[in-house]
Amino acid sequence: MTEAAAIRYMGQPLRRREDFKFITGKGRYTDDMKSPGMLHMAILRSPHAHAVIKHVDLSTAQSAPGVHLVLSGADLVGKMGSIEPNWVIPGTKVPDRPVVAVDRVRFVGECVAVVVAETQALAHDAVGLIEVDYETLPAVIDEEAAIREGAPQLHDNVPKNITTLYKIGGGDYKKAASEADHVIKLRVINNRLIPTCMETRSILAEPNVDGTLTVNIQSQVPHMHRRWIADTVRIPEHQLRIVAPDIGGGFGAKMHLYPEELLCPYLARQLGVPVKWWESRSESHQSTNHGRAHTETIEVAFRNDGKILGLRVETLGNVGAYLSNMASGGPTVNTVNFGTGTYKIDNYEAFSRVVVTNTVPVDAYRGYGRPEGGYIAERAIDAVARHLKLDQVEVRKRNFIQRADFPHRPYNGPAVIYDSGNYQGLLAKALEVFKYDERIAERDQLRSQGRYRGIGVAAYTHMCGMAPSRRLSLMGFNRGGWESARVSIDSSGRATIFSGSMSQGHGHNTSLAQIAADVLQIPIESIDIVQGDTRQVQAGHGTFNSRSMAVGGSSVHVTSQRIVAKARKIAASMLEVDEKDVSYRAGEFSVPGTDIAPLSFGKIARMAYVGHKLPDGMEPGLDETTFYDPAGMGSPSGIHMAYIEVDPETGMVDILDYVAVDDVGTIINPLLAAGQIHGGVVQGIAQALYEEVSYDPDTGQLMTGSLLDYAVPRAEHVPNIRSSFQETPSPTNPIGVKGVGESGSIAAPPCMVHAVLDALSPFEILHLDMPMTPPRIWSAVQQARAGVTQ
């Protein structure tokens, strides 16, 4: 009897199953929800960056029409805990952050008082009636200024405004520098960004008749939010249900704990009615965590042939007024650990300081630390090429980690292991697709005609899929590295997967189903995915650090294997053969080489629940759960190339072509993978050319408080991104996948900077900080023409 062909979904470019709902307007977001008797919360926010709160007068607001409750920070003292970070690097000084400010405010936008009223408009009207007497204090917004002598001090327990000191490295940098032909220094800035999600944050907390509380929230980490809210608001965890509906983008910003996420549950329990809060776009700019905000000083020692002998880095990471959830780990572990990038630099010395300032807190934003670390490596390698007037590709080739070196421990340090990679293969493919030599010839020809085109190249690698749990504990991370999956087969053979991962537009409904379908050998249409409900999903750590497929997907894979293993035992019992003789393909259990009629998966599922013919000692049902904790993290990598033209008379940049060749291990769905790369690249281009948070240096006022002042790219600014892949499977998980979600945001910023600098090389402009806006480029050109050294 001929066996049926195996079902293969992995690697297929399937369209997202969830898209029909969204494109037909059937998505359900938190702000779509309404409950009978629902009240609305509004926040009075500080207009000052730094001030003492002398008195808060709530009386007028309390008597306003439709107002049910008005509270200041003093009213909440002793009734809920402070907001605590959950990644605390050992030795970190953690400042106290009350949910609502009590004695002092430390950034424009900090919560000062809360109003609950019958409508959103009435709540906001009442906020305007609250009177606060402030005594303003000097403010500091810049990380370099904050650590100088005499700078305003934000917290008594954080001397010199430095919460964390972190050192990493290997080899002997001083010796390498003494033996080098050249040593150059470079100061680079990773500009502060606002995670501009399509959907701003909103929360609806609903008391239930049984005394429990349901909190509807756009959470990347629903089970984590349940724990944090329970601990801080002092609600028993079993009485709290978190539901994450459809989410219009997260990018890391929706995995943190914010005051509003604590106030809504607290007020709903106090008042016994549903309480809802919705964030306006301007509120989002001054209350949702920002990203990046780094200053790095780089020193690189190298030979005349471009071989780098050593690298030294000092990082100042601005984390805003308080330590948000993961703030101490971003400028430290996530940044300087990866400062050597794809290059074999044995002598490395890095020192990071985490600095508080009178600004919106800074935390994870797409890539968190890895874009900053990648920028260090790429700006160093590009500076070497420019200094020596060598081809940027050749200098990279001379410094790449070799394929035979994997698994590779950079600079023989204690914290980083790259699992697998082939940077030479990536580069060769990118050069071919980009037509590098032809582009160089065209660029040089056009320069002779007064047109300034440039080619940018960037290589990257990083580690993602944070794991294993024991390793995270050593870094001060108060979470595990595992992810859970439950696969439940009903008596008809249909599968429901309950995953602790959480989609915010990633396409998990499709990709997780593809993973399961290949193992279960059933049609993908017979698989449902459930996420984002702590009452239905057993447990989980959610989606961040590009971990959904490497950890969450692996958990689905392993659990599905357990389902098949049990089903095979049942089939062997029913077919009266030894289990090892049973083959399973295309939804059928058969005994190859015999005339025994096969049994379908549906038949086995029915028998598993009927229970009449189960092997001795086997429980009925087909329902398995796995808490999968990986052995290590994956290291995606890639080469990106950009071709641009700069108009020196206006400073405008026109992106003519963008090529991305990425290695994210085994590809589950090339269509979704390319989409993730595209999204990350666009955000990286935005950082390089358009986006920057600005504060008034004297008052600490946020100058980019709306989308009128903060430039996110539009469709016209997005180039045609040509994406392709190389597959080097990861040995750290059973499906060989590596994360993909953050790759584009790591590669694109240096790629674009290098392209612009290449275009401006005839003007001998060696460095520009991001964002390279038209005025900044135009000014640099004018200074160069005037003979001012850059």
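Refer to the structure above for everything that follows.
Note that the structure is a prediction, hence the values are computed from the model and not measured.

Points about the pattern of salt bridges
Counted under the stated rule, the structure contains 40 salt bridges. Salt-bridge contacts for arginine 241 lead to aspartate 533; the nearest nitrogen and oxygen are separated by 2.6 Å. In this pair, arginine 241 sits in strand S11 (residues 240-243) while aspartate 533 sits in the loop between strand S19 (527-530) and helix H16 (548-575), placing the two residues 292 residues apart along the sequence. Exposure remark for arginine 241: the relative accessible area of 21% places this residue in the partly exposed category. Given the relative accessible area of 6%, aspartate 533 is considered buried.

A look at the sheet that holds strand S3 (residues 67-72)
Spatially, seven strands are ordered S3-S5-S1-S12-S9-S10-S11 in an open sheet, and the strand pairing comes out mixed. Each having just a single partner strand, S3 and S11 make up the two edges of the open sheet. The mean angle between the axes of side-by-side strands here comes to 20°, regardless of whether they run parallel or antiparallel. Relative to S11, strand S10 (residues 213-217) runs parallel, the two sharing four bridges. Directly across from leucine 213, in S11, lies its bridge partner leucine 240.

Regarding the sheet that holds strand S8 (residues 182-190)
Taken together, the five strands give an open sheet; going across it, the order is S7-S15-S14-S13-S8, and neighbouring strands pair in mixed fashion. Strands with a single pairing partner mark the edges of an open sheet, and in this sheet they are strand S7 (162-170) and S8. Geometrically, the sheet is characterised by an average inter-axis angle of 10° between neighbouring strands, direction not taken into account. Relative to strand S13 (residues 294-302), S8 runs antiparallel, the two sharing nine bridges. From the neighbouring strand, arginine 187 faces S13, where its bridge partner is threonine 297.

Structural notes on a nonpolar patch on the surface
A cluster of nonpolar residues, Phe20, Phe22 and Ile23, forms a patch on the protein surface that exposes about 360 Å² of accessible area. Within the element layout of this structure, phenylalanine 20 appears in helix H1 (residues 19-23). Judged by its relative accessible area of 60%, phenylalanine 20 falls in the exposed class.

Section: the packing of helix H15 (residues 508-520) against H16
It is at 9 Å that the axes of H15 and H16 come closest, and there the two elements cross at 35°. At the point where H15 passes H16, the crossing takes the right-handed sense. Packed against H15, whose contacting residues are His508, Ser511, Leu512, Ile515, Ala516, Val519 and Leu520, the element H16 presents Ser548, Met549, Gly552, Gly553, Val556, His557, Ser560, Gln561, Ile563 and Val564 at the interface.

Regarding helix H11 (residues 392-399)
Turning to H11, its buried residues are Gln392, Val393, Val395, Arg396 and Asn399. Down the axis of H11, the sector holding all buried residues measures 165°, keeping them to one side. Turning to H11, the residues buried within the fold contact strand S14 (308-318), helix H10 (370-388), helix H12 (423-434), helix H13 (436-447), strand S16 (452-461) and helix H19 (743-759). N-cap assignment for H11: the residue whose side-chain oxygen lies 2.9 Å from the backbone N of valine 393 is aspartate 391.

Thoughts on the environment of leucine 263
As for its placement among the helices and strands, leucine 263 is situated in helix H8 (residues 259-271). For leucine 263, a relative accessible area of 1% puts it in the buried group. Along the chain, leucine 263 and alanine 49 lie 214 residues apart, while their C-alpha atoms are 22 Å from each other. In this structure leucine 263 touches Met41, Ile43, Leu76, Met80, Val99, Val100 and Val114, once residues within four positions along its chain are discounted.

Considering the side chain of histidine 294
Within the secondary structure, histidine 294 is located in strand S13. At a separation of 2.9 Å, a polar atom in the side chain of histidine 294 contacts the side chain of glutamate 296. In contact with histidine 294, not counting residues within four places along its chain, are Glu143, Val188, Ile189, Asn190, Thr315, Leu316, Gly317, Pro331, Thr335 and Glu372.

Observations concerning the nonpolar core
By size, the foremost hydrophobic cluster in this structure holds 163 residues, and its most contacted members are Leu263, Tyr658 and Met752. A per-element tally of this core places H10 first, with nine residues. Looking at this core, you find at least three residues from each of domain 2 (33-137 + 198-249 + 254-286) and domain 3 (294-466 + 632-786).

What counts, and where the lines are drawn
- For every chain, the first residue of its written sequence is number 1, and the numbers climb from 1 along that sequence.
- Predicted model: local features are reported for residues with pLDDT of at least 70 only, side-chain atom pairs are reported and counted for 80 or more only, and whole-chain, interface and lining totals are derived from all residues.
- As a rule here, side-chain values come from all non-hydrogen atoms in the structure, and water together with hydrogens is ignored.
- Any carboxyl oxygen of Asp or Glu within 4 Å of a side-chain nitrogen of Lys or Arg constitutes a salt bridge here.
- Helix numbers and strand numbers start at the N terminus; a helix is a DSSP run of H or I with at least 4 residues, a strand a run of E with at least 2.
- Type-normalised accessible area, obtained with a 1.4 Å probe on protein chains alone, sets the label of each residue: buried when under 20%, exposed when over 50%, and partly exposed for intermediate values.
- In this scheme, strands are said to pair when DSSP sees at least two bridges between them.
- Fitted lines through C-alpha atoms serve as axes, helices being fitted only where they are in contact, and the angles separating the N-to-C directions of these axes extend from 0 to 180 degrees.
- A residue counts toward a patch only above 30% relative accessible area and without a salt bridge, and it is joined to like-charged neighbours within 9 Å or, for Val, Leu, Ile, Met, Phe, Trp and Tyr, to nonpolar neighbours within 5 Å.
- Residue exposure ignores everything except the shown protein chains as possible cover, and the areas themselves are Shrake-Rupley values with a 1.4 Å probe.
- Working rule for handedness: look at the near helix, and if it is turned counterclockwise from the far one by less than a right angle, call the crossing left-handed; if clockwise, right-handed.
- In what follows, residue pairs with any heavy atoms lying within 4.5 Å of each other are defined as contacts.
- In this description, one arc is meant: the one made by directions from the helix axis to the C-beta atoms.
- In protein, a polar contact means a hydrogen-donor-capable atom and an acceptor-capable atom, both N or O and within 3.5 Å, with residues adjacent in sequence counting only if both atoms are side-chain atoms; elsewhere, any N or O pair within 3.5 Å suffices.
- The nonpolar core is taken to be a set of buried Ala, Val, Leu, Ile, Met, Phe, Trp, Tyr and Cys residues, with the residues joined through side-chain atoms within 4.5 Å.
- The start and end points of each domain follow an automatic or database-based domain assignment.

Honestly, it's all geometry; don't read function into it.
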